[in-house]
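The chain contents come next:
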Amino acid sequence: MEISNETSFSPFFLLSLADTPYLKAFSILLFLIMYILALSANALLIFVVRINLRLRTPMYFFLSNLSIIDISLSSSIVPKLIIITITQDTRISRLDCALQMFFHSALIASECIILAVMAYDRYVAICKPLHYNTITNKRFCISMAAACWALGCINSSIHVPYTLQLPFCRSRYVNHFFCEIPVIFRLSCQDTWLHELSMYISACTLGLSAFILTLFSYAYIISTILKIHSIEGRHKAFSTCVSHLTVVFLYYGPVMFMYLRPHSTKSPSTEKIASIIYTVVTPMLNPIIYSIRNKDIKATIQGTLNKKSQIV
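Residues numbered from 1 in each chain as written. Predicted model: local features only at pLDDT ≥ 70, side-chain atom pairs only at ≥ 80, totals over all residues. Heavy atoms only, no water.

Per an unreviewed UniProt entry, the protein goes by Olfactory receptor and derives from Xenopus laevis. Per its UniProt entry, the protein bears the Subcellular location (unreviewed entry) comment "Cell membrane". The heading Sequence similarities (unreviewed entry) in the UniProt record of the protein holds the text "Belongs to the G-protein coupled receptor 1 family." (UniProt positions renumbered as here; feature names shortened; annotations may be inferred.)

Participant: For this particular structure, what's the right way to read the UniProt feature "transmembrane region" (unreviewed entry) in the protein?
Facilitator: Mapped onto this numbering, the UniProt entry annotates "transmembrane region" (unreviewed entry) at residues 25-48, 60-86, 98-120, 140-158, 200-221, 242-261 and 273-292. With 100% helix and 0% strand, residues 25-48 has its two end C-alpha atoms placed 34 Å apart. (Helix = DSSP H or I, 4+ residues; strand = E, 2+ residues; numbered from the N terminus.)

Participant: When you look at the state of the cysteines in this model, what are you seeing that I'm missing?
Facilitator: Inspection of every chain in the model, using the stated rule, returns 1 disulfide. The side chain of Cys97 participates in a disulfide bridge whose partner is Cys179; the two sulfur atoms lie 2.1 Å from each other. Judged by the sign of its S-S torsion, about -120°, the cystine formed by Cys97 and Cys179 is left-handed. Taken together, the residues Cys97 in helix H5 (residues 94-127) and Cys179 in the loop between helix H7 (138-164) and helix H8 (181-185) connect sequence positions 82 residues apart. Exposure class is identical for Cys97 and Cys179. Each is buried. With no disulfide partner, Cys112 has as its closest neighbouring cysteine sulfur the one in Cys148, 10 Å distant. On the basis of relative accessibility, which here comes to 4%, the residue Cys112 falls in the buried class. (Disulfide = S-S within 2.5 Å. Buried < 20%, exposed > 50% of the residue type's maximum accessible area, 1.4 Å probe, protein only.)

Here is the structure:
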């Protein structure tokens with residue numbers, strides 16, 4: 001009990017990206033480039049959707065929400081990581097650690113749900129086109145987006161206080177780049193099986209359920225696309241679906257690896273790689289994947305650039 005009281009307000013210590021000057025400089029540059037790309041690409045996607053009236057559709061509304069989530073997810077991790085690597089001051093206060101865990105947990109849950117909603121949107125558009133405007137009306141879109149954010153915040157509000165009330169008497173050195181709930185569990189001198197069980201239940205309820213719903217939606221979508229006689233229509237439908245499925249698997253792979261594996265099989269090195277993929281790499285690639293295969297987005301960007309060049 002004395003140990004718990006002694007460390008209740010003590011900071012944690014995170015890992016920096018590297019220790020040697022050359023590796024540190026390379027790591028900072030690499031993460032800074034990826035972070036700037038993630039911010040600029042997602043911000044550009046949101047801007048394009050806002051300025052083009054043709055893109056004021058449910059699909060692009062949800063895509064804008066995905067971009068906001070990706071910007072927030074990278075911003076909750078990367079700036080602090082770069083700062084501690086530059087300064088070599090790896091301390092993070094309990095409050096900052098709690099905020100990092102809260103936003104990180106909320107955002108990954110929200111992204112799981114928004115990807116499922118986007119899959120449902122494509123299902124209605126392709127499988128029930130005559131009812132699309134009726135089903136995915138403005139009220140539906142706003143309600144679904146609000147539900148995604150609300151469920152993410154509720155999920156964090158349950159798990160983060162539950163995690164921080166644990167007694168941490170083993171070590172305050174976190175073998176990770178940021179405060180993540182599964183990693184913080186290992187610092188506790190208390191048996192955390194109940195906490196881990198609640199995390200698995202939450203991950204299955206939100207993440208795995210959303211993933212299964214996404215797969216079911218695309219099973220119906222693909223079966224409907226194969227029945228389309230027009231080659232052009234089939235290609236257009238497949239084009240949108242391929243982009244979304246690429247994003248889904250790119251995101252869910254490392255997230256499931258991190259949160260749904262048994263505790264005994266967890267490796268700190270592989271966890272770091274998985275976390276970097278879904279907090280830095282995926283937010284950077286998502287808008288690029290959608291833009292490359294989307295003629296409307298590319299046309300809007302090209303048109304904006306042409307107007308600016310004419311003004312200059």
